[in-house]
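# Structural overview for review
What follows is each chain in one-letter form.
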Amino acid sequence: MKAEAGDLVPMSTDTTDQARKPGDPLLSIRDLSVAYRTPAGDVHAVEHVSLDLHAGEIVGLVGESGSGKSTLAYGACRLLRAPALITGGSVRYQGRRMKHPAEILQLSPEQLNSMRWREIAIVFQSAMNALNPVLNVRDQLTDVIHAHLQGSRAEALQRAGSLLDLVGIPRARLRSYPHELSGGMRQRVMIAMALATEPEVVIMDEPTTALDVVVQREILGQILELKNTLGFAILFITHDLSLLLELADRIAVMYAGQLMEVGTASEVQNEPSHPYTKRLLRSFPSLRGPRRELTGIPGTPPSLLDPPPGCPFLPRCTEGTEACTRIDVTLAQVRTSPDPNHLTACPFVLPDSSEAGTQANIEEVRR
Amino acid sequence: MSSDAVELQPAAGDLVSAAAARGSLVLEVVGLSKDFKLGRGEVLHAVRDASLGLYRGAVVALVGESGSGKSTVARMLAGQERPTAGTISLNGKPVHLANRQAFRRYKSEVQMVFQDPFASLNPAHTVRYHIERPLHLHRSSLSKEQVHKEAVSLMEQVRLTPAETFLAKYPHELSGGQRQRVSFARGLAAEPSVLLADEPVSMLDVSIRLEMLNLLDDLRKRFELAMLYITHDIASARFFADEVLVMYAGQIVERGPAEQVTQQPAHPYTQLLVSSAPDPDNLGGMLRDGGKRERPGESAGLPATNACQFSSRCPFAIDRCRAEAPPLLQISSSRAAACWRLDVAAPSLVSGEEGGGDLTS
C-alpha cells in the first residue's frame, strides 16, 4: 500500500472528505521491530510492537531507560538513522486531511518530508539541545513555518506571534535567544514549534522530565488545554508512570523492547495484569494517602543484544515459573477484564493475582 | 478574625527538629548564607540565613526546585564552598577549614554522594581504586591487607556481590544503579558520621529508585549515619525523611516532621509544591481541570531583596510581604514556616489550639 505524494494536501484543512472511518485509529503501528546494528550483533531495541493512537487521544508510553520507548516512537516516524534499522512491521497513518492512508515505512523521502511535522510533530526531551542556540525564537518558529507551509514572510511572522500567544509567552520574547529563556519557557517554545503546522499527532518525548514539578504541572495543563482546543492526539513518552496515570487516556507499558501491558489509565492502576506493571505501581512513593510499604524492582533489564528466551521480565519477576521461559511474548486480552482492549503479555497472572488463581492458570497453560 | 489572631513568634532555639528523636546532634548549621558576586555590583543571595541540624541515625530532607540553593547548602556542608556568613559545628565544635589537615579531618566525618553516577566516577579507574582511595586517605593506619578486606566488606554492604568481580570492573561496565552503589560505598569508606546525599536517585530509573532509597535507609540504620537528603521530589522525602526542610529562593521557608509538612503544608510555596506533584490517585485529574489552574507568577519580576521572595507568586501576598521578609515563625514545637499570612494560608494550623500538630498516625 504505497501512498502517492498527492495524497497529502498540505494547506487544506478541508475535513469533508474523510476516508478514515470514525473509530479507526489515526496512527496504527503493527508488529514494528527495530534493531541497532552493532559489531557485537543486533540489539533488538523494539520487538514486534503493535500500538494504536486514535484521534484526540493521549496514549502514554512508559518504560525504563533503554526499554525502547523512544526508539519505537522515532522508528514509527522513520526518524532513526544507521545503525538503527527497521527490521519489520508497518505503520499506517491516516489524518483527516488525507484521502488515503499512508504506509509511513514505504513513503519516498519527499513524501515523508511533506508529511513530517505537517501531520506528525515531535516535542523533544531536552529543549536546550533541541533549540538552535544562535537563532532567536522568531527565526526558529518562522523556519518551521516556511519549511512546511506556504505563505509570505509577514504571514509567517504573524503566525509565529500567535503561536507564542497560544503557549502563553509574551510576543516580546520573539527576539529572545534560547539561553535567555527559562527551562519552562524553552519547553513552551518547543511546543509552539510542534503546533506550528497544526499536526494531528504530537509525539512528546519526556517533555517535562527536566523541569520542576510546579513548572511541569503548568506545562502539562497547557498541553491539555491546547489538545482540547486543537484536537490533536498525543503519544506521551515518559518513565514516570505516576504522571501518566493522571494524564493519559490509555497507557502502554514497555519493557526490554516489548509491550507488557496496554490498557486505560484506570485499568492499569486498579487492575494491573502484568507483574511488571504491578511492581512499577509499587515503585513510587505517593504523596497522598497512607504511607505504603515500597519495594522497587530489584535487578536490571536483560541485555537486548542476546535476549533470554521467553518473558524478558522473568529474572526480576517474583511470580515467574519455569513455563515463562517458553512463552512467546504477545499481547492478549486480559481474560478477566470486560474491556477487550485491555491487553497483557503475561498469560499466567490474573489481575488481582490471588495465589490459587495464579496456580490454576499456570496449570491450564501448561496443558 | 484579623490582626488579633494568634501572633506567631520567630522560631528560636526551642524549635525541636523532628530528626532529634533519633539520636544526638552531629552537624549543626546556624545562620548559613552564601552570596555570589555576579559582577556590576550585583549579588546573588544563593542561601540566606539557613539553620539546620543533622542527627545520628536520622534523615533530614532538603526539598526545593532547581536554583533554590539546596545544592549550595550541601556544598558548604561538604566544605567545598566557603559560607559568606554563618557557622558550621561538628559534634559541638565550630568547623574551621583553615588548612589541609583540618579539611581532611572534616571530610573523614562528612562525606557526600553526588547526583550523577555517570559523572562522579572516574572512567579511567576501576571500582577498586574508587573504594580504596578514601581508605588510604582517611584510614591510613590500615595495612594493605586490611584495605583489601575493607573494600570487599564495603562492596557487600552496598550489595555488589561477588565483591571481587565488581572491584575489578570499570565504571562503564556498570549500570546506573550499580554505579550509584559504588558511590555509596565510596562515601562510607571513610567511616563518616554524616552523609550528604545530593539527589542520589534522581538520575536512576523509577524501578530502581526505591531499591536505592531502601539501601540508603538500611545503611543509615547500620552505620547510624546522620543524613541530609537533597531532592526535588517531595513525595520521596515523605517516604524517606524524618524532618523536611523546604527551600525557596535560598531561604528555608518551612520545616517540620515529614508527614506533617507533606500532609498539611503551611507555607504557600509548600502548598504549591505538594499540589503540583503527580497524584496517581487522581485519575484523569489533569484532564478534568485541563489547564484551568491559574499560572502563578509567570512574568512577575523578581521581588526586592528584603521582600518575601515568594510574594510575587503568592496568592496571599499583601503589602507587608513585599516590604519585609518574614523569618521562620514557630507553629508548633517542631514546625515553623516563613510566612506573614499563615492565618490565611493555613488557618487550621495556627488557630491557637495545639492545631494540626498531630498528624503522625
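What you see is a predicted model; the values in this text were computed from it and never measured.

Cut-offs used in this document
Counting restarts for each chain: residues are numbered from 1 in the order of the written sequence. In the order they appear in the text, chains get letters beginning with A and ligands get numbers beginning with 1. Where local features are concerned, this predicted model is filtered to residues with pLDDT of at least 70; where side-chain atom pairs are given and counted, the filter is 80 or more; whole-chain, interface and lining totals use all residues. Here, a strand pair is defined by DSSP locating no fewer than two bridges between the strands. Think of it this way: any DSSP run of H or I at least four residues long counts as a helix, any run of E at least two long counts as a strand, and we number them from the N terminus. Burial is judged by counting the other C-beta atoms within 10 Å of a residue's own C-beta: 20 or more makes it buried, 12 or fewer makes it exposed, and any count in between marks it as partly exposed, with every C-beta position built from the backbone. For every residue, the predictor reports its confidence as pLDDT, a number between 0 and 100. We call two residues in contact when their backbone-placed C-beta atoms lie within 7 Å. Joined through C-beta atoms within 7 Å, a set of buried Ala, Val, Leu, Ile, Met, Phe, Trp, Tyr and Cys residues constitutes a nonpolar core. Each domain's extent was defined by an automatic or database domain assignment. Here the term charged refers only to Asp, Glu, Lys and Arg, the term nonpolar to Ala, Val, Leu, Ile, Met, Phe, Trp, Tyr, Cys and Pro, and the term polar to all other amino acids, Gly among them. Axis angles are defined between N-to-C directions and span 0 to 180 degrees, where every axis is a line fitted to C-alpha atoms and, for a helix, only to the segment in contact. Small angles under 35 degrees read as roughly parallel and large ones over 145 as roughly antiparallel, with 65 to 115 read as roughly perpendicular and the rest as oblique. Handedness of a helix crossing follows the sense of rotation of the near helix relative to the far helix, less than a right angle counterclockwise being left-handed and clockwise being right-handed.

Before going further, it helps to examine the pairing of strand S2 (residues 41-53) of chain A. Residues and elements named next belong to chain A. Sheet analysis places strand S1 (residues 27-38) next to S2, joined by nine bridges and oriented antiparallel. Within S2, the position partnered with Ser 28 by the bridge is Asp 52. Between S1 and S2, which follow one another and run antiparallel, lie two residues.

Attention shifts here to helix H10 (residues 268-276) of chain B. Counted residue by residue, H10 of chain B has seven buried out of nine residues, so it is predominantly covered. Every buried residue of H10 of chain B is listed here: Pro 268, Tyr 269, Thr 270, Leu 272, Leu 273, Val 274 and Ser 276 of chain B.

For the rest of this paragraph, the subject is the confidence of the model for chain B. Residue and element names in this part refer to chain B. Taken residue by residue, chain B gives an average pLDDT of 86. The fraction at 70 or more is 89%. Taking the mean pLDDT of every element in chain B, the minimum, 56, falls on helix H11 (residues 285-288) and the maximum, 96, on strand S3 (residues 59-63). For the stretch residues 290-300, pLDDT sits under 50, and the model shows 18 contacts to residues farther than four places along the chain or on other chains. Model confidence for the complex is summarised by a pTM of 0.81, with the ipTM given as 0.75.

A few words on the nonpolar core. Counting 107 residues, the largest nonpolar core has Val 60, Ala 61, Leu 228, Tyr 229 and Val 246 of chain B as its most contacted members. If we skip the residues at most four places from it in the chain, Val 60 of chain B touches Ala 19, Leu 52, Leu 54, Leu 228, Tyr 229, Ala 241, Asp 242, Glu 243 and Leu 245 of chain B. Core analysis: the second largest hydrophobic core is formed by 102 residues, Val 49, Leu 164, Leu 226 and Val 334 of chain A among them.

With that settled, consider the pairing of strand S10 (residues 258-264) of chain A. All names here are of chain A. With respect to burial, S10 is a largely interior element, six of its seven residues being buried. Both strand S9 (residues 250-255) and S10 contribute to a ladder of six bridges, which runs antiparallel. Each bridged residue has a counterpart across the sheet, and for Ala 252 the counterpart in S10 is Val 262. Relative to strand S12 (residues 343-344), S10 is paired through two bridges, and the arrangement is antiparallel. Note that in S12 the partner of Glu 261 across the bridge is Thr 344.

Residue and element names in this part refer to chain A. Assigned domains within chain A: domain 1 (16-248) and domain 2 (275-285 + 293-366). A separation of 31 Å is found between the C-alpha centroids of domain 1 and domain 2. Contact residues are listed per partner, giving ten residues for domain 1 and seven residues for domain 2. If you list the elements that add at least two residues to the side of domain 1 that touches domain 2, you get S2 and helix H8 (241-247). Here the side of domain 1 that touches domain 2 is built from residues that sort into four nonpolar, five polar and one charged.

Residues and elements named next belong to chain A. Running from N to C, helix H6 (residues 183-195) and helix H7 (residues 213-230) point in directions that differ by 15 degrees, and their axes come no closer than 10 Å. Put simply, H6 runs roughly parallel to H7. You can see that H6 and H7 cross each other, and the crossing is right-handed. On the side of H6, the interface is formed by Gly 183, Gly 184, Gln 187, Arg 188, Ile 191 and Leu 195, while H7 contributes Val 215, Glu 218, Ile 219, Ile 223, Leu 226 and Leu 230. Split by residue class, the contact of H6 with H7 holds seven nonpolar, three polar and two charged.

What follows concerns the environment of Asp 279 of chain B. Residue and element names in this part refer to chain B. In this structure, Asp 279 sits in the loop between H10 and H11. Of the residues examined, Asp 279 has 20 C-beta atoms within 10 Å and is grouped as buried. Along the backbone, Asp 279 and Ala 235 are 44 residues apart, and their C-alpha atoms lie at a distance of 9.9 Å.

It is worth spelling out unusual backbone geometry at this point. Backbone torsion omega between Ala 82 of chain A and Pro 83 of chain A reads 10 degrees, so that peptide bond is classified as cis. For Pro 83 of chain A, the position within the fold is in the loop between helix H1 (69-76) and strand S4 (84-93). Note that the residue after Thr 161 of chain B, namely Pro 162 of chain B, is joined by a cis bond; omega there is 0 degrees. With respect to the element layout, Pro 162 of chain B can be found in the loop between helix H4 (144-157) and helix H5 (163-167). Its identity as a non-glycine residue notwithstanding, Ala 256 of chain A has a phi of 50 degrees, on the positive side.

The subject of this paragraph is the sheet that holds strand S1 (residues 25-39) of chain B. Residue and element names in this part refer to chain B. If you walk across this open sheet you meet the four strands as S2-S1-S4-S5, and the pairing is antiparallel. Either end of the sheet is taken by a strand with one partner, and the two such strands are strand S2 (42-55) and strand S5 (93-94). For S1 and strand S4 (residues 85-90), the ladder comprises five bridges, and the chain directions are antiparallel. Bridge assignment links Ser 33 to a residue of S4, and that residue is Ala 85. On top of the sheet, helix H1 (residues 70-77) reaches S1, S2 and S4; it is set at about 115 degrees to S1, its chief contact.

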